[in-house]
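A structural walkthrough
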Amino acid sequence: MKRREFLKWSIGTAAVVAVSRSASAQTDLKGIRIGYQKNGVLVIARQQATLEKHFASQGIDVKWVEFSSGPPMLEAMNVGSIDYGAVGDSPPVFAQSAGANIVYAAGEPSTNGQGILVQANSPIRTIADLKGKRVGFTKGSSAHNVIVQTLEKAGLTYADITPVYLTPPDAGPAFANGSIDAWSIWDPYFAIGETKQNGRILINASEVTKTNSFYIANRDFAKNHGAALQQIIDVTTATAKWAEEVAKSLSAVTGIPLDIQTVAANRSAFAVGPITDDIIATQQGVADRFFKLGLIPRPVVVRDAVWKPVQS
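Residues numbered from 1 in each chain as written. Predicted model: local features only at pLDDT ≥ 70, side-chain atom pairs only at ≥ 80, totals over all residues. Heavy atoms only, no water.

1. Focus: the nonpolar core
So the rule is basically this: By nonpolar core is meant a set of buried Ala, Val, Leu, Ile, Met, Phe, Trp, Tyr and Cys residues that side-chain atoms within 4.5 Å join together. Throughout this description, buried means an accessible area under 20% of the type-specific maximum (1.4 Å probe, protein chains only), exposed means over 50%, and partly exposed covers the range between. Contact between two residues is taken to exist if any of their heavy atoms lie within 4.5 Å; hydrogens are not considered.
Of all hydrophobic cores here, the largest spans 60 residues; its most connected members are Y104, I116, L130, I147, W183, I216 and F290. Apart from the residues within four sequence positions on either side, F290 is in contact with S90, V93, F94, H144, N145, V148, L295 and I296. Counting residues in hydrophobic clusters, the runner-up holds 29 residues, among them L42, L51, I60 and V272.

The following block contains the structure:
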């Protein structure tokens, strides 16, 4: 069986399995609102319309809402404006600490798709050289965790840098014009900084720590529409296997040039799966570190926010 045929078969099979669960789905669900960023499996799902095709027979519409980063997405999820979305490791920690109405629905290991950039001609050559420097990143994002753990690895503290909280669209120009000395960021902005803004990779996140990305759901949506949520996860998992057209799909949906998305896609892993004990332990370490630094208002127990599907 050819790869393309196998992938189509995989998606089709998963969809059949998901449909078999739909009999128990709540019939009052009319629409699903999904938050996405400029990377990852959900962008591919949108371009391939896999969720729309799956839910069409159930009379359920799918609406897509784009966000520049994870924190505002989870703010929207907390108030019920979206039902499901993908974020890095830090946003759910900040959200859970603030009492947000969310649950972890599925996980995905992260690889080399994020790290810290400096300008090509920058005198910053080691992590220790970040001391006293202005470092830009999005507060509460996975980039926040990367900078915290990177500093820790070098024996520096958070107080040793000047954090500059910027969204990715604002941080890019600030990095290019030298307003910040370093930029902690994820793909595709990581690839943009590297290929278009004269960036040099100081360190990849994978050299510092094990990281995960997450698929998060509004807690009420998970409680009231668990069967539909499981179907979303099943279809998303199958979509992750559609590797041949990843870069093209990412570019088509986000408008970011194909060469940049190709760089990002080639160093990414698309493997959606359940929230394992190992993932929980890694995420708990992130939460504990943020609380110790005073970056979140109260400690959290990650396991308390892990969705447990009802077994039929």
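2. So, the layout of surface pockets
Where we set the bar: Space inside and on the surface of the protein is sampled on a 1 Å grid over the protein atoms alone, with a cavity defined as a set of points where a 1.4 Å probe fits but cannot get out and a pocket as an open set with protein on both sides within 12 Å along at least 5 of 7 lines; lining residues have an atom within 4 Å of a point. Grid points are joined across faces, edges and corners, and a volume is the space filled by probe spheres set on the points. Where helices and strands are cited, they refer to DSSP runs of H or I of at least four residues and of E of at least two residues respectively, numbered from the N terminus. Any residue that is not Ala, Val, Leu, Ile, Met, Phe, Trp, Tyr, Cys, Pro, Asp, Glu, Lys or Arg is counted as polar, Gly included; the first ten are nonpolar and the last four charged.
Its boundaries defined by the atoms lining it, the second largest pocket holds a volume of some 250 Å³. In this structure, the second largest pocket is lined by 15 residues; those nearest its centre are A105, G273, P274, I275 and P309. Of all the elements in the fold, those that place two or more residues in the lining of the second largest pocket are β4 (102–109) and α10 (226–239). Sort the elements by how many residues they give to the lining of the second largest pocket and α10 lands first, with 3 residues. Here the residues of the lining of the second largest pocket are counted per class, giving 10 nonpolar, 3 polar and 2 charged.

3. Points about the sheet that holds strand β2 (residues 61–66)
We apply this condition: Criterion used throughout: strands pair if DSSP finds at least two bridges between them. For helices, the fitted axis covers only the stretch in contact; all axes are lines through C-alpha atoms, and the angles between them, taken along N-to-C directions, range from 0 to 180 degrees.
Reading across from one edge, β2-β1-β3-β10-β4 is the order of the 5 strands in this open sheet, with mixed pairing throughout. Either end of the sheet is taken by a strand with one partner, and the two such strands are β2 and β4. Strand after strand, the sheet turns through a mean of 20° between neighbouring axes, direction not considered. Here β4 pairs with strand β10 (residues 212–218) via 7 bridges, running antiparallel. Residue I102 lies in a different strand from β10, and its bridge partner there is N218. Along the sheet, helix α5 (residues 90–97) contacts β3 (84–87), β4 and β10; its crossing angle with β4, the most-contacted strand, is approximately 165°.

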